[in-house]
Amino acid sequence: MNEGEKDPGLYNFAPYRGREPFSWPGDKKVAVWISPNLEFYEIDPPANPHRKSWAMPHPDVVRQSHRDHANRVSHWRMAEVMSKHGFPGSVSLSVALCQHHPNVVEDANQRGWEFFSHGIYNTRYSYGMDEAQERAIIEDSIKTVRDATGQTIRGWLAPALTHTPRTLDLIAEYGLDYTCDLYHDDQPQRVKTKTGDLISMPYSLEVNDHYGFFVYNMSPREYADTLIRQYERLAAEPSGTVMCIPLHSYLIGQPHRIGPFEDVLKHIAADAGDGGRAWITRSGDIADAWRAIHTKEA
Amino acid sequence: MSLDPEYLEYAKRGLGYDHDLFPYSVMEERKPLAWPEGKSVATWMVVSLEWFPITPESTPFKAPGHMQTAYPDYRHYTSREYGTRVGFYRLLDAFAKADVKVSVAANAAIAQRYPSVIRDIVDAGHEIIAHSTDMNGTIASTLPVEDERKLITESIAILSDVAGVKPRGWHSIARQQSFATMDLLKDAGIEYCCDWVNDELPYAFTNGVVNIPLNHELSDRQIINGQQQSADSYAQQMLDAHDWLSAEAKVHGGRMLPMHLTPYIIGLPYRMDAFETLLGDLKAREGTWFARGCDILDQFRSQM
C-alpha cells in the first residue's frame, strides 16, 4: 500500500458498469461460499497498546464464554446443517485452535472444508507489529495449518481485522493468493502488491452474522430474509458474482437462529442443480475459476 | 515502536483451555441427560429482581440498566421500581395461571427493603437465587478479593434470613466475575451459578460448583431492549428455539431452554399478552419440562 497517502493504492478503479460478463463453472451466476470463523479467544491475553481484547477486566465472562460456546456446542450444530445441505466451509481459522481444540479443526477438515488464516488467536492483534513479528505469524500460520490438516493455506483474514501497512505485501510474498480483508467489490479483483499475485476474495461484513445480529439488530428470521434477498439479487445480475456468508457458530448456532438459517441453505441449495444459478463452493475454488477467466493484466 | 516481543509468546498454547477453571468438553459427546417423565426440553425461567440505588457506582463497573441521567435520575429509578412493584406481580400471576415454577435472582436489598416480595416468591413455590447485594454490588477482578467475599456472604445471609431457606444458586450482576469468584461461591456453600454462557447444559467446574448456562441472548433484555425487537418477535424466537431443541433432544437427550426475564421490560402492560401467550404455547408442547434451577441441578447431579 501507499503508506501515509490518502489513497492506500490497493487497486485500480474498475466500475461495475462496462465489465466483461462471465459465468462460473457449469454456467452458474453466483458463487456462494460460507466462511465459518473457527476461533479461539484467550481468557487473559496480553495487552496490545492499540486495542483492548475485552471490554471488561479479565475474565470478561460473558464475552469470552459466549465465544467458547462455539467450541463446546454450536460448531457441530452449524456444521451439520451445512453438510446436510451440501455446503462446505472455507474457514477463517485462529490457528492456535489446532493446538487447543484439534477435534474442531479435524471435524472441519473431514467435512472437506478449506482453511485460511485468521491469525494465531483472535485476541492477538497485528497493530504495532514490526515486519519480523508479522512474518512470524504468517510463517506460524502456514506451518500450523499444514501440520494439523495437510492443507496449505491460500488466504488471509487478518486476526480481528487488524492490519499493518505491510500485511498484503507480506502474504503475497509468502505465496498466498487471496485476501478477505478488502470489501470493495462483488467479484474478485487484483490487489497491487510489491511481489506475488494477490486477489481480493469478496467477503462480507454486511451479511456477516455478527453485523446482522449486533450491528443491525436483526431478528433471526430477518437475517435469514436478508441472506435470501442478497442471494436473489446477486443471482439476477448479468455477470458472475460472489456471495460470501461469514458465520460464527456461537451466533448462528444458537437455538433460536439455526432453524431460520437452515431455511436459507435450503433456498440456495434448491437453485444449485442443473440449470440452477448457484455454484456452492469454497473460496480457493472461486480464486482458481476467476484466475482461469481473468489472466493477469499488465 | 514495535510490540513487546512477549506479545508473540504463547505460554498457554496447548491442548485444552488456557485456564484451569473447568475442563474442555463437547456437549454432543457427553452422556445424554434425561429429564423427568421423558420430557425433552427443560424450560428454565429466571426473573431478575433488582434494586438500583439512585446513587450509581462505577466501581468496579456500572451495572446494565443502572441510572443514566444526572442525579437525581427519577426516570430510571422509578422505572426499575415499577418492575418490582407492578411488572413482577403480573409475572407471578402469569406463572400461577400457567402453573409453572421459576427461579428468581434477587438482590439482597429486595429482601431488606421489601420482605413481603420474597415471601410471596417462596410461598408460591419458586426458587430464590442469590444475586448480589444491590445493583452497585458488581464484581470484577479489580475488586479486592476480601471485598468480594464479603459481598457474596452478606448477600446470601440476608436472603436466607428473609426467605427462610438458603439459596443454592448464584447469579452475578451482568454475569461478571473475577478469577476468584467460583472458589468464593464454593466457600459460601453455593452449589451452582448461572454466569457462564459457553454451554447449553449444566457442567461442573474443577472445584465442583456447577454452572447452569443462562443463555444471555435468549433474554428479554437482549432481544427487546438491546436489539430493539418486539415482544411478538421475542416470543417467536423462544418458540423457534424450543422447536429446534426438541428436535435435537430426540437424538442427543435432554436439552435446556433458558429464559431470562426482567420485570421492568417484559412486565409492561403492552408486552404481557405476548408473554402469556408464549407461556401457553410452551406449555402446550408436550416435551416441555418447566423447571427451576435447583430441579435442573438435582437432575444433572443424579445422572453424573
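Structure first, text after, so check above.
Fair warning: this is a prediction, and the values are worked out from it, not measured in the lab.

Caption draft 1: Inspection of the interface of chain A and chain B at higher detail. Opposite the 67 residues of chain A that make contact, chain B presents 60 residues. Buried surface at the junction of chain A and chain B, both sides included, amounts to about 5,000 Å², of which 55% is carbon and sulfur. Put simply, chain A and chain B have 6 salt bridges between them. With a shortest N-O distance of 2.7 Å, Arg257 of chain A and Glu217 of chain B are connected by a salt bridge.

Caption draft 2: Quick peek at the layout of surface pockets. If you add up the space inside the largest pocket, you get close to 750 Å³. As for the largest pocket, its lining consists of 31 residues, and the residues nearest its centre are Val62 of chain A together with Pro64, His216, Arg221 and Gln222 of chain B. Counting only elements with at least two residues in the lining of the largest pocket, the list comes to α1 (61-84), α6 (209-215) and α8 (249-252) of chain A together with α6 (220-226) of chain B. In the lining of the largest pocket, the residues fall into 10 nonpolar, 14 polar and 7 charged.

Caption draft 3: View of the packing of aromatic side chains. Residue and element names in this part refer to chain B. Scanning the model with the defined rule gives 23 aromatic pairs over all chains in all. Ring centres of Phe22 and Trp196 lie 5.6 Å apart, and the angle between their planes is 80 degrees; this geometry places the pair in the edge-to-face category. In this pair, Phe22 is assigned in the segment before β1 (41-49) and Trp196 in the loop between β5 (192-193) and β6 (203-204), connecting sequence segments 174 residues apart. Take Phe22 and Trp196: they sit in the same class, and that class is buried. Between Trp35 and Trp289, the ring centres sit 5.3 Å apart and the planes meet at 35 degrees, which makes this aromatic pair tilted.

Caption draft 4: Quick look at the packing of helix α1 (residues 74-98) of chain B against helix α9 (residues 269-284) of chain B. All names here are of chain B. As a packed pair, α1 and α9 sit with axes 10 Å apart at the nearest point and diverge in direction by 25 degrees. On the basis of the axis angle, α1 is roughly parallel to α9. The two elements α1 and α9 meet at a crossing, and its hand is right-handed. Contacts between α1 and α9 involve Tyr82, Arg90, Leu91, Ala94, Phe95, Lys97 and Ala98 on the former and, on the latter, Pro269, Met272, Phe275, Glu276, Leu279 and Lys283. Of the residues contributing to the contact of α1 with α9, the split by class is 9 nonpolar, no polar and 4 charged.

Rules and cut-offs
Residues numbered from 1 in each chain as written. Chains lettered and ligands numbered in written order. Predicted model: local features only at pLDDT ≥ 70, side-chain atom pairs only at ≥ 80, totals over all residues. Heavy atoms only, no water. Contact = heavy atoms within 4.5 Å. Buried area = accessible area lost by both parts, 1.4 Å probe. Salt bridge = Lys/Arg side-chain N within 4 Å of Asp/Glu carboxyl O. 1 Å grid on protein atoms, 1.4 Å probe; cavity = no way out; pocket = protein on both sides within 12 Å on 5 of 7 lines; lining within 4 Å. Points joined across faces, edges and corners; volume = space filled by probe spheres on them. Helix = DSSP H or I, 4+ residues; strand = E, 2+ residues; numbered from the N terminus. Nonpolar A, V, L, I, M, F, W, Y, C, P; charged D, E, K, R; others polar. Phe/Tyr/Trp six-rings, centres within 6.5 Å; stacked < 30°, edge-to-face > 60°. Buried < 20%, exposed > 50% of the residue type's maximum accessible area, 1.4 Å probe, protein only. Axes fitted to C-alpha atoms, helices over the stretch in contact; angles between N-to-C directions. Parallel < 35°, antiparallel > 145°, perpendicular 65-115°, else oblique. Left-handed = near helix turned anticlockwise from the far one by under 90°.

Purely spatial values, then, with no claim about function.
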